[in-house]
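# Results of the structural survey
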Amino acid sequence: MEKLEMLYEGKAKKVFKTSESGTYWIEYKDDATAFNGEKKGQIAGKGTLNNEISAIFLSLLKEKGLDNHFIKKISSTEQIVQQVEIIPIEVVVRNITAGSLAKRLGWEEGKELPQTIMEFYYKNDELGDPLINQDHIAILGLATEEELADIRNQALKINEILNEYLLNKDLILVDFKLEFGKSPAGDIILADEISPDTCRFWDAHTKKKLDKDRFRRDLGNVEEAYQEILRRIGGSVNV
Ligand code: UDP
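Let us look at the structure shown here.

### A short note on the overall build of the protein
Each helix and strand counted, the protein has six helices and 14 strands in total. The globule rule puts the C-alpha radius of gyration for 239 residues at 18 Å, and the 17 Å found for the protein is close to it. For the protein, contacts bridging at least 24 residues in sequence account for 55% of all contacts bridging at least 6. Counting every atom, the protein has about 11,700 Å² of accessible surface; 46% of that belongs to carbon and sulfur. Put simply, the protein has 33 plus and 42 minus side-chain charges, and the middle of one group is 4 Å from the middle of the other.

In C-alpha cells:
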C-alpha cells in the first residue's frame, strides 16, 4: 500500500489517501493545541504515544464487538484506517465533573455525576465548536434521529467498555470526546482517536491528571503522563 496525497491536516493528525480504495493513512503529530487553537505547543513523543494508545483502545473496542475505523498500525506514528465521512459532531461523554461542564454548572471538579452525561458539540472551528442539542443537529442536517440514537448507543457502550477496562488499570475515565463517521455502506462507525488528547484520565488513588489537562493548565510532565497511560494499558514506552 502506498501513501498518496494529503487530504487534510488537523491539529493533531494528518490524513492521506492511499493506493488502496476505502482506506486512509493517518499520521499522528507531536503538535498540541488547546482553547480552540489559542494555546499552541508541542508534546515530545506525542505522535508515537497517541498512535500506540489509540491503536490499543480501538483494538480493544473491536474485540468487544464495537466496530470502528482502525485497521492496523504501520509505523510508530502511522496507522491505516477505514475511509469514512466524518459527521461534524463531537460527542462528549462524562462520568465525573471537569472542564467546561464544571464551569457551566458551577460545580467543583471531581464530583461523580449521578448519571452519565452526553453532550454534542458542532465541529466547526469558525464557530468555536459550540454546544448543540438534538434540535440543532436536526436543523443543521448533521444526523437523522435514527443516526443520533445509534451514535448515543455506541457512545454509552464505549463508555462502559473503557470504564471497566481502565478501572482495572487503576485509572478513572473522567470524560472523553468521540467522533463518528459514515462508511460508504451508510453505517455509522467510531472514527478519530482515543488518547490522552481526547480523554481525561485520573489515577484512581491519587487523582493525578494523566492527560492533556497537564498541557492546558501548564502542570508539567505532560509527556510522562502520556507514557504512564501507555504503560498502564500494556503498550511499550520505548518512544
Ligand atoms: N475534548 C476534545 N476535543 C475538544 C474538546 C474537548 O477531545 O475539542 C475532550 C476533552 O479532552 C475532555 C472532554 O472532551 O476529555 C470534555 O472536554 P470539555 O468540554 O470539558 O472541554 P475543555 O475543558 O477541554 O475545554
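Once you've had a look at it, read on.
### Details of the packing of aromatic side chains
The relation between two aromatic rings is expressed through the spacing of the ring centres and the mutual angle of the planes. Taken as a whole and judged by the stated rule, the model has two aromatic pairs. For the pair Phe57 and Tyr165, a centre-to-centre distance of 6.3 Å together with 80° between the ring planes defines the contact as edge-to-face. In this pair, Phe57 is assigned in helix α1 (residues 46–63) and Tyr165 in helix α4 (residues 145–167), connecting sequence segments 108 residues apart. The residues Phe57 and Tyr165 share a single accessibility class, namely buried. Aromatic side chains Phe57 and Phe201 sit 6.0 Å apart centroid to centroid with 25° between the ring planes, which places their arrangement in the stacked category. Taken together, the residues span a long stretch of sequence, with Phe57 in helix α1 and Phe201 in strand β14 (residues 199–203) at a distance of 144 residues. Comparing Phe57 with Phe201, the two get one shared label, buried. Through a chain of ring-to-ring contacts, three or more aromatic side chains come together here, namely Phe57, Tyr165 and Phe201. Lying across the ring of Phe16, Lys3 places its NZ or CZ 4.3 Å from the centre. Here the guanidinium or amino end of Lys111 rests over the ring plane of Trp107, the centre of that ring lying 5.1 Å away.

### Some details on the pairing of β14
Counting buried positions along β14 gives five out of five residues, so the element sits mostly inside the fold. Side chains Cys199, Phe201 and Asp203 of β14 all project onto a buried face; the interleaved residues Arg200 and Trp202 project onto the opposite face, where all are buried too. Bridge count between strand β12 (residues 171–182) and β14: five bridges; the pairing is antiparallel. Along β14, the bridge assignment pairs Ile172 with Trp202.

### Overview of the sheet that holds strand β6 (residues 70–73)
Reading across the sheet, the five strands line up as β1-β2-β3-β7-β6 and stay open at both edges, with antiparallel pairing between neighbours. Because the sheet does not close on itself, it has two edges, and the strands there are β1 (3–9) and β6. Taking the axes of each pair of neighbouring strands and ignoring which way they run, one obtains an average angle of 30° across the sheet. One ladder, built from three bridges, connects β6 with strand β7 (residues 78–82); its direction is antiparallel. Residue Lys73 lies in a different strand from β7, and its bridge partner there is Gln79.

### Quick look at the pattern of salt bridges
Under the counting rule described, the total for this entry stands at 27 salt bridges. Here Asp213 ties to Arg216 by a salt bridge, and the two come within 2.6 Å at their closest N and O atoms. Of this pair, Asp213 and Arg216 both sit in helix α5 (residues 213–216), three residues apart, which is roughly one turn of the helix. A residue is classified by how much of its surface remains accessible, and Arg216, at 23% relative accessible area, is partly exposed. One network of salt bridges, with partners in common, ties together Arg94, Arg104, Glu109, Glu119, Asp175, Arg200, Lys209, Asp213, Arg216 and Arg217.

### Considerations on unusual backbone geometry
In the Ramachandran plot, Asp170 falls in the positive-phi region, its phi being about 60° despite a non-glycine side chain. Within the chain, Asp218 stands out as a residue other than glycine whose phi angle is a positive 55°. By the element assignment, Asp218 lies in the loop between α5 and α6 (222–232). Here Asp218 falls in the exposed class, since its relative accessible area comes to 61%.

About the cut-offs
- Residues numbered from 1 in each chain as written.
- Predicted model: local features only at pLDDT ≥ 70, side-chain atom pairs only at ≥ 80, totals over all residues.
- Heavy atoms only, no water.
- Helix = DSSP H or I, 4+ residues; strand = E, 2+ residues; numbered from the N terminus.
- Rg over C-alpha atoms; globule rule 2.2 N^0.38 Å.
- Contact = heavy atoms within 4.5 Å.
- Areas by Shrake-Rupley, 256 points an atom, 1.4 Å probe, with all protein chains shown as cover.
- Lys, Arg positive; Asp, Glu negative; His and termini not counted.
- Charge placed at Lys NZ, Arg CZ, Asp CG, Glu CD.
- Phe/Tyr/Trp six-rings, centres within 6.5 Å; stacked < 30°, edge-to-face > 60°.
- Buried < 20%, exposed > 50% of the residue type's maximum accessible area, 1.4 Å probe, protein only.
- Lys NZ or Arg CZ within 6 Å of the ring centre and 35° of its normal.
- Pairing = 2+ DSSP bridges.
- Axes fitted to C-alpha atoms, helices over the stretch in contact; angles between N-to-C directions.
- Salt bridge = Lys/Arg side-chain N within 4 Å of Asp/Glu carboxyl O.

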